Amino acid sequence: MRIATALLSLALGANAVLASSWFSNAAYNKWHETELERWLSDHDVPYPTPADRKELEKLVQKNWDSYVVSPYKDWDTAKLGEYLKLKGIETKDSAAASKDSLLTQVQSNWYETEDKAQSAWGNVRDWILDTWTDSQLKAFCDHHGIPVPQPRKRDTLLQKARSTYQTVAEKAGETAAYPGNWLYETWSESDLKEWLDTHGIPAPQPTTRDKLIASVRRNSRLAYLRMQEQSAKAQASAKAAYDTLTDKLIDSWSESQLKEFCDKNSINVPQGTKVNQLRALVRKHRAELLGDTVSATAASAFGAATSNIGEGYAKATDSASKAAHDAFSKAINTWSDTRLKAYLDARGVPVPQASKTDELRALVRKNSHKAMSGWTAWTFDDLSYENLKDYLASTGDSAAKKASEKAGATRDDLVKAAQSAYASASSAGGSSWASATNYVAKQTDAAKANTFETWSDSELKSYLDSYGIPVPQGSTTNELRALARRQWTYFKYGTSTPSETIFAKLGENAKATWDWVMDQLSIGSEAARKKAQESKVKGHKEL
């Protein structure tokens, strides 16, 4: 019995030591009080003021897993299913699958382990700059007087920015473990919003500069992990595509085409070399040219194109941003003047008198990455029928209340009444205004989670009509909802949607891979071109 008790005591003691060791090694254990407060504020975790360091650290510890180690635990089934889809994991029916089963799959396929997460947040400077564009890195170096040799390559920019990261923070009298706003001094609000758009992260709406920075900062690790994964996939895809495509092409080339390839790439061909020997020679040197051998250098064609993860990803995100911007531009080409003005009004952008439609569209494009600056009357145009009635009844305005109780009132009637009541509250200020904004802040996010789900076909068509969107004959309710949701997302977020940005990125990566392969091959014959095109089509289908 004594032995058992002794063993139990030892086991408990060992567990206590392990738990204590883990806690003492937590990234936030060495953070300054201001960093602890900043982290809690970024993640909307309330904390007492004043609070001592011990209280703050306990609060961070309590919420650390939910936001850093396993943020997916708070996701709904749709988002869990979407993540698995992006990882290439098939789920029979994510809508019907239980949340627990999806959670288990996501957990086993998450980007990093708890240990890696702890280590990463203990060395923020090693990765937080990797998701920046070249121009943002250049601006950072220039702003802080960091000399960077010419030509300014991305690798050099990153190395210089990282090596002086701590020094810059200390010089400014700032902390660097969980960096403050000083890190984003050179970013405009549009830069911050564009970063969120590019990485598929919804910008806070309405927003301020501080809120945008907080969102970029707290999502930087997840964006970096996605970047690493996408870059690895792009490299693997490029390599596989090249191997498959070139093998087929080399087999299809005639003796003269094989010799032409050798000539172009300065490959010495001995006299009397047979066709099969020529093919073997081309394959051998193809490996050297593309960096497939141990002796290959980073300057080789394939190595230069894919060796640097950050550079490859930066190019991919540039392409994705362009694709997203083109889609947004195409969407607003159908918008009515009223809707274009509303988009600008929601962002506090002045609209010159008598602006023509083309001028309004140009102004909207210019502000495609500008986040909403506050609530407006247009906040109500996508609320459900019931939410509109609730708002009107809550205003304390007799006309609004009467409108909410009117028998047979259409959704459009309620929208106009809500907009009118909101405008009156805005003019009156004081408690009326506070009450209106408080309702909007509490209700809109919850209401918009299922936006359009309860709308009738006539209400959906009316909403689309406000954008000037023609409704195809025979459209189903689900098709109408999809159309409405797309316009609503563009109106709210600008150039992107959280999930479409990621898919656009993947598509652009695949396209860039095939285009690069075609360029490197310098294909000469029509037969070879045709074979390449067939392989390209097949590759896209597999993706």
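Just so we're clear, the structure is a prediction, and the values are computed from it rather than from any experiment. (Residues numbered from 1 in each chain as written. Predicted model: local features only at pLDDT ≥ 70, side-chain atom pairs only at ≥ 80, totals over all residues. Heavy atoms only, no water.)

S.K.: Can you explain the packing of helix H7 (residues 134-143) against helix H8 (residues 154-163)? Please cite residues and give values.
M.R.: Where H7 meets H8, the closest approach of the two axes is 10 Å, and the angle between their N-to-C directions is 40°. Viewed along their axes, H7 and H8 adopt a mutual orientation that is oblique. As H7 runs across H8, the sense of the crossing is left-handed. Side by side, H7 and H8 meet where Asp134, Leu137, Lys138, Phe140 and Cys141 of the first sit next to Arg154, Leu157, Leu158 and Ala161 of the second. For the contact of H7 with H8, a count of residues per class yields six nonpolar, no polar and three charged. (Axes fitted to C-alpha atoms, helices over the stretch in contact; angles between N-to-C directions. Helix = DSSP H or I, 4+ residues; strand = E, 2+ residues; numbered from the N terminus. Parallel < 35°, antiparallel > 145°, perpendicular 65-115°, else oblique. Left-handed = near helix turned anticlockwise from the far one by under 90°. Contact = heavy atoms within 4.5 Å. Nonpolar A, V, L, I, M, F, W, Y, C, P; charged D, E, K, R; others polar.)

S.K.: Outline the pattern of salt bridges, supporting the account with residue identities and numerical values.
M.R.: This structure, assessed with the given rule, holds 12 salt bridges. Of the charged contacts, one joins Glu255 and Lys259 as a salt bridge, the two residues approaching to 3.4 Å between their closest N and O atoms. Here the residue Glu255 and the residue Lys259 both occupy positions in helix H12 (residues 255-264), the gap between them amounting to four residues, near one helical turn. Classification of Glu255 by relative accessible area gives partly exposed; the value is 35%. A relative accessible area of 35% means that Lys259 is categorised as partly exposed. Here the salt bridges do not stand alone but share partners, grouping Glu453, Arg481 and Arg485 into one network. (Salt bridge = Lys/Arg side-chain N within 4 Å of Asp/Glu carboxyl O. Buried < 20%, exposed > 50% of the residue type's maximum accessible area, 1.4 Å probe, protein only.)

S.K.: Pulling in residues and values, what's your account of helix H5 (residues 99-108)?
M.R.: Turning to H5, its buried residues are Leu102, Leu103 and Val106. For H5, the angular spread of the buried residues around the axis is 105°, confining them to a single face. Of the exposed residues in H5, the ones pointing more than 90 degrees away from its buried face are Asp100, Thr104 and Ser108. As for H5, its buried residues are in contact with helix H4 (77-86). (Arc of directions from axis to C-beta.)

S.K.: Go over helix H17 (residues 357-366), please, and point to the residues and values.
M.R.: One turn of the α-helix equals 3.6 residues, which is why residues spaced by three or four share an orientation. Those residues of H17 that sit buried are Leu360, Arg361, Leu363 and Val364. Mapping the buried residues of H17 onto a view down its axis gives an arc of 160°, with all of them on the same face. Residues of H17 that are exposed and point more than 90 degrees away from the buried face comprise Asp358 and Lys366.

S.K.: Tell me about the packing of aromatic side chains, residues and numbers included.
M.R.: The tally for this structure, following the rule as stated, stands at 33 aromatic pairs. Taking the centre distance of 5.1 Å and the plane angle of 85° together, the rings of Trp121 and Trp127 count as edge-to-face. Residue classification places Trp121 among the buried positions, given a relative accessible area of 6%. Look at Trp335 and Phe491: their rings are 6.2 Å apart centre to centre, the planes differ by 50°, and that puts the pair in the tilted class. In this pair, Trp335 sits in the loop between helix H15 (309-332) and helix H16 (337-345) while Phe491 sits in helix H23 (residues 477-493), placing the two residues 156 residues apart along the sequence. When its relative accessible area of 2% is taken as the criterion, Trp335 is described as buried. Taken together, the aromatic side chains of Phe328, Trp335, Tyr343, Phe452, Trp455, Tyr463, Tyr467, Trp488, Tyr490 and Phe491 make up a single cluster linked through ring pairs. The side chain of Arg339 reaches across the aromatic face of Phe491, ending 4.8 Å from its centre. Over the face of the ring belonging to Tyr343 we find Arg347, whose NZ or CZ atom lies 3.6 Å from the ring centre. (Phe/Tyr/Trp six-rings, centres within 6.5 Å; stacked < 30°, edge-to-face > 60°. Lys NZ or Arg CZ within 6 Å of the ring centre and 35° of its normal.)

S.K.: A description of the environment of Arg411 should follow, citing residues and the corresponding values.
M.R.: Among the secondary structure elements, Arg411 is positioned in helix H20 (residues 411-428). Leaving out residues up to four positions away in the same chain, Arg411 has contacts with Phe380, Asp381, Asp382, Leu383, Tyr385, Leu388, Trp455 and Glu459.

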